[in-house]
Each structure stands twice: as C-alpha cells, then as structure tokens.
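Letter by letter, the chains look like this.
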Amino acid sequence: MKLIFLGPPGAGKGTLAVRAVGILETARGAPHPHISTGAIFRAAIAAQSPLGLKVKAILDSGRLVDDQTTVDLVRERLGREDAREGYILDGFPRTIPQAEALAGFSPVDRVLNFDIPDESVLERLGGRRVCRACGHNFHMIFDRPKREGVCDHCGGEVYTRDDDRPEAVLKRLEVYRAQTAPLIDFYRVKGLLIDVDARPGVEQVVENFTKALGLPG
Ligand code: AP5
C-alpha cells in the first residue's frame, strides 16, 4: 500500500508512520519503508554532505527546500527494491508541483490528512525531543525519556531540533498554510483523501487510521 501522511508540522506524522510500518508489514507481508524527507535532510546535514550544506539554512529557517532537489531525492528513494510493494511518505509531497511529479512516477493509494489545531501544534513541537542517533520522537509531557537527555531505545543523545524554536515553528505553520494545505483539496477531488482527527493520544489515532484503511488492528 502506497501512502502519504499529510498534515501540519507537529501533527504526529513521524510518530504515527513508525507505527504504520509495523501494521502494514504484518498485514501485507512485505516491506513498507517510512520515508521522511525531513529526516533525509537532517541526516545529510549531520553528515555535512553537499546536500546537507545546501539545505541547512533552509531547514533552520522553516522554509521549504526547492521542488527539484526534493523530487529527485524521493524518486531515487522510491526506486529502491524495499519500496516496491508500498511505503509511507512523511513530509512529501509538500507543494502542488511535488504532488504532480509524484503522480508521474509513483501514484499513491491513499492520503491520510492528520488534522490538528495550531495550539496543539505549538504544544507538541514546544515539548518535542528527538534522538540524534535513531530519530525516535519523545515529548517532555506526553512521552518523556526515562533518563533526561538519553534515548530509551538506543542510548543516543536526545536533543531539541533547531527548527522547533518558536520563530521557526511559526514560519513552518505559515509555509504549511500557503504551500502544503492546498494538497488537501488536490487529493480530495481525486478521491484519495482520508481525514483523521490527530488530536487524541497516539494509540487512539493509530486505531482510527488503521480502521479507516481497512487494516486489521
Ligand atoms: P519535517 O521533518 O517533515 O517536519 P514537519 O513536517 O514540520 O513535521 P514534524 O517532523 O515537525 O512533525 P510530525 O508531524 O512528524 O510530528 P511528530 O511525530 O514529530 O521537515 C523539516 C523541514 O525539512 C521542513 O521545514 C523543510 O525545510 C524540509 N522539508 C521536508 N520535506 C520537504 C519537502 N517535501 N519539500 C521541501 N522541503 C522539505 O510529533 C511531534 C511531537 O508530538 C513529538 O514530540 C511526539 O512525541 C508528539 N506526539 C505525536 N503524536 C502525538 C499524540 N497523538 N499525542 C500527543 N503527543 C504526540
């Protein structure tokens, strides 16, 4: 199953995609990689690769990387063997040109639109902490690491993302409204969109989208 997880920053796309991988792989008996363009960019920045050097200032400011760079990266990633039976795209597409490009090389089956008000976004991103090594998301209120600053899963360093500073979060919300929210209607008119209320706790949201996709819970 080829899925897009759509929604504003902090809606929970990354957290939910990790859960969806296990559910889909069990239901379908085939790999379904979680492909996050944001995570790919952050890994490139950490490695100080040419891509990382090019995109660092863009990510820190909350603006979008250009469409061509992003589309080329996703096209290459989806061409790999493990994405043949399906995948979860988290954070891509983010503009109409990206969505049109994707339709040309890998049409998707469903788009989950995780709906959440701005005040919840600010609360979630204000408390988010991320493992530098494995990328696991924590939250200082909803899901604290057992030891301050240390990942429960791999022992890596838990840090605050540069783009979770309040001014960058406000910019990301503005960019989301202007450039990404139009994708909701783009996919709705194609009959691909499923709206999911992203306000409840993680377990409830997982149950809601699992049912909506007709997958066993
Ligand atoms: P990206 O990494 O994709 O950031 P984003 O879309 O802004 O999404 P986030 O990662 O901030 O939030 P999320 O929805 O995954 O929430 P999470 O699960 O972490 O992109 C970063 C940057 O890369 C962009 O700004 C841009 O510069 C660039 N970029 C990426 N893709 C691009 C593209 N296609 N084109 C151009 N540029 C691109 O959850 C948030 C917090 O809430 C966590 O602490 C979590 O523990 C907690 N939480 C989650 N769900 C719940 C729940 N149900 N209840 C309580 N707490 C919850």
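Keep in mind the model is a prediction, meaning the values are calculated, not measured.

Draft legend 1. Seen up close, the packing of aromatic side chains. One pass over the structure, following the stated rule, counts four aromatic pairs. Centroid distance F5 to F114: 5.0 Å. Interplanar angle 70°. Geometry classified as edge-to-face. Here F5, found in strand β1 (residues 2-6), pairs with F114, found in strand β4 (residues 110-115); they are 109 residues apart in sequence, far enough to count as distant. When its relative accessible area of 0% is taken as the criterion, F114 is described as buried. With centroids separated by 6.1 Å and ring planes inclined at 80°, the aromatic side chains of F114 and F209 adopt a geometry described as edge-to-face. Here F114 is found in strand β4, whereas its partner F209 is found in helix α9 (residues 202-212), with 95 residues between them in sequence. Aromatic rings pair up to connect F5, F114 and F209 into one cluster. The side chain of R132 reaches across the aromatic face of Y159, ending 4.0 Å from its centre. Here the guanidinium or amino end of K190 rests over the ring plane of F186, the centre of that ring lying 4.6 Å away.

Draft legend 2. Structural context of the side chain of H139. When you line up the elements, H139 lands in strand β6 (residues 137-139). Judged by its relative accessible area of 7%, H139 falls in the buried class. Looking at H139, its side chain comes within polar contact range of the main-chain oxygen of R124, at 3.3 Å. Dropping the residues within four chain positions of it, H139 is found in contact with E123, R124, G127, R128 and R144.

Draft legend 3. Inspection of unusual backbone geometry at higher detail. P93 follows F92 through a cis peptide bond whose omega is -5°. Summarising the element assignment, P93 is placed in the loop between β3 (87-90) and α5 (96-105). The residue Q48 is not glycine, and still its phi comes out positive at about 55°. If you trace the backbone, Q48 turns up in the loop between α2 (37-46) and α3 (50-61).

Draft legend 4. Structural view of the packing of α2 against α3. Running from N to C, α2 and α3 cross one another at 115°; their axes reach a closest spacing of 8 Å. As α2 packs across α3, the resulting crossing turns out to be left-handed. Where α2 approaches α3, its residues G38, F41, R42, A44 and I45 are matched on the opposing element by L51, G52, V55, K56 and L59.

Draft legend 5. Representation of the packing of helix α6 (residues 118-127) against helix α7 (residues 166-180) within the structure. Where α6 meets α7, the closest approach of the two axes is 11 Å, and the angle between their N-to-C directions is 140°. Taken as axis vectors, α6 and α7 run oblique relative to one another. Relative to α7, the crossing made by α6 is right-handed. Between α6 and α7, the residues in contact are D118, V121, L122 and L125 and V169, L170, R172, L173 and R177, respectively. For the contact of α6 with α7, a count of residues per class yields six nonpolar, no polar and three charged.

Cut-offs used in this document
- Residues numbered from 1 in each chain as written.
- Predicted model: local features only at pLDDT ≥ 70, side-chain atom pairs only at ≥ 80, totals over all residues.
- Heavy atoms only, no water.
- Phe/Tyr/Trp six-rings, centres within 6.5 Å; stacked < 30°, edge-to-face > 60°.
- Helix = DSSP H or I, 4+ residues; strand = E, 2+ residues; numbered from the N terminus.
- Buried < 20%, exposed > 50% of the residue type's maximum accessible area, 1.4 Å probe, protein only.
- Lys NZ or Arg CZ within 6 Å of the ring centre and 35° of its normal.
- Polar contact = N/O pair within 3.5 Å; in protein donor to acceptor, adjacent residues only side chain to side chain.
- Contact = heavy atoms within 4.5 Å.
- Axes fitted to C-alpha atoms, helices over the stretch in contact; angles between N-to-C directions.
- Left-handed = near helix turned anticlockwise from the far one by under 90°.
- Parallel < 35°, antiparallel > 145°, perpendicular 65-115°, else oblique.
- Nonpolar A, V, L, I, M, F, W, Y, C, P; charged D, E, K, R; others polar.

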